[in-house]
Amino acid sequence: MLNIGVLALQGDFAEHAAMLRQIGANPIEVRKAEQLADLHGLIIPGGESTTISRVARASGLYEPLREFAARKPTWGTCAGAILLAKRVTGQEAHLGVMDIAVTRNAFGRQIDSFSTELLVEGFERPLRAVFIRAPIIESVGAGVRVLARLPDGRIVAAQQGHLLATAFHPELTPDTRLHTYFLDICHQQRVMA
Ligand code: GLN
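Here the structure is a predicted model, which is why all the values come from computation and not from measurement. (Residues numbered from 1 in each chain as written. Predicted model: local features only at pLDDT ≥ 70, side-chain atom pairs only at ≥ 80, totals over all residues. Heavy atoms only, no water.)

### Details of the overall build of the protein
A count of helices and strands for the protein gives five helices and 12 strands. Over its C-alpha trace the protein gives a radius of gyration of 15 Å, about what one expects of a compact globule, namely 16 Å for 193 residues. Taking all 193 residues of the protein together, 52% fall into the buried category. Residue pairs in contact within the protein that sit at least 24 positions apart in sequence constitute 64% of those at least 6 positions apart. Counting every atom, the protein has about 8700 Å² of accessible surface; 51% of that belongs to carbon and sulfur. Side-chain charges of the protein comprise 20 positive and 19 negative groups, with the mean position of each set lying 2 Å from the other. (Helix = DSSP H or I, 4+ residues; strand = E, 2+ residues; numbered from the N terminus. Rg over C-alpha atoms; globule rule 2.2 N^0.38 Å. Buried < 20%, exposed > 50% of the residue type's maximum accessible area, 1.4 Å probe, protein only. Contact = heavy atoms within 4.5 Å. Areas by Shrake-Rupley, 256 points an atom, 1.4 Å probe, with all protein chains shown as cover. Lys, Arg positive; Asp, Glu negative; His and termini not counted. Charge placed at Lys NZ, Arg CZ, Asp CG, Glu CD.)

Right under this line is the structure:
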């Protein structure tokens, strides 16, 4: 069984944990650096990136998180994707491990949340994606694969080897396919390690 951490400092970690349990993984709510040791992968949930970053620093988790994400499967959803990004428009980056540039709150106040059908590379059927004050992935580096775009071409999901970033919230619909996709990445890394 895979031990998958869910960073549980702020945001919707409980929904991720429930979904992981549903597909047969062992979710672990991570609040301390020691808990990272036995994980096969980690999800950084949506919430508020500045708050998650601040609490992570205060809990001594910041550097351990960076080290973890640099080599082990890590998936950032929404605020989590902002935390992973190497570049964040108009401010300093946080963990800066994934070669993507993001802009926070990219959809403006009028449409701060919406959901839409999204075609994800490798998925047969589209996925309903829920966006809540979501970032957009402005650009990706050479080693990064784009997994999904909005109809206007803007990037909302990308993968760089063991790193996954989604601008939306896959834990807020019953569709478990992206969580299963992440578990596959964790399985592959486990076999290679
Ligand atoms: N707007 C938040 C941020 O900038 C992200 C929103 C979310 O995670 N749903 O951190």
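### Notes on the site of the ligand
Contacts to the ligand come from Gly 46, Gly 47, Glu 48, Ser 49, Cys 78, Ala 79, Ile 82, Arg 104, Asn 105, Ile 132, Arg 133 and His 169. Here Ser 49 contributes a backbone N or O atom positioned 2.6 Å from an oxygen atom of the ligand. In this structure, Asn 105 approaches the ligand through a side-chain N or O atom, which is 2.7 Å from a nitrogen atom. Relative to its unbound accessible surface of 300 Å², the ligand loses 97% to contact with the protein. When grouped by side-chain class, the residues that make up the shell around the ligand number four nonpolar, five polar and three charged. (Near = heavy atom within 4 Å. Polar contact = N/O pair within 3.5 Å; in protein donor to acceptor, adjacent residues only side chain to side chain. Nonpolar A, V, L, I, M, F, W, Y, C, P; charged D, E, K, R; others polar.)

### Digging into helix α1 (residues 13-22)
Among all positions of α1, only Phe 13, His 16, Ala 17, Met 19 and Leu 20 are buried. In an axial view of α1, the angular spread of the buried residues amounts to 165 degrees, which keeps them on one side of the axis. Exposed positions of α1 whose direction lies more than 90 degrees from the buried face are Arg 21 and Gln 22. As for α1, its buried residues are in contact with β1 (3-7), β2 (26-30), β3 (41-44), β4 (74-77) and α5 (177-192). Following α1 by one or two positions, Gly 24 has its phi on the positive side, about 90 degrees. (Arc of directions from axis to C-beta.)

### Thoughts on unusual backbone geometry
A positive phi angle, near 55 degrees, is found at Cys 78, a position not held by glycine. Among the secondary structure elements, Cys 78 is positioned in the loop between β4 and α4 (79-84). What makes Cys 78 buried here is its relative accessible area of 3%. Phi at Arg 133 is positive, roughly 40 degrees, even though this residue is not glycine. On the secondary structure map, Arg 133 appears in the loop between β8 (127-132) and β9 (136-140).

### Concerning the pattern of salt bridges
Counted according to the given criterion, the structure contains nine salt bridges. For Glu 48, the salt bridge goes to Arg 133, with nearest N and O atoms at 2.8 Å. Within this pair, whereas Glu 48 is found in the loop between β3 and α2 (49-58), its partner Arg 133 is found in the loop between β8 and β9, the two being separated by 85 residues in sequence. Given a relative accessible area of 40%, Arg 133 falls into the partly exposed group. For Arg 154, the salt bridge is made with Asp 152, and the minimal N-O distance between the two is 3.0 Å. You can call Arg 154 partly exposed: its relative accessible area is 33%. Put simply, Glu 48, Arg 104 and Arg 133 are held in one network by salt bridges that share partners. (Salt bridge = Lys/Arg side-chain N within 4 Å of Asp/Glu carboxyl O.)

Read these as spatial facts, not as claims about activity.
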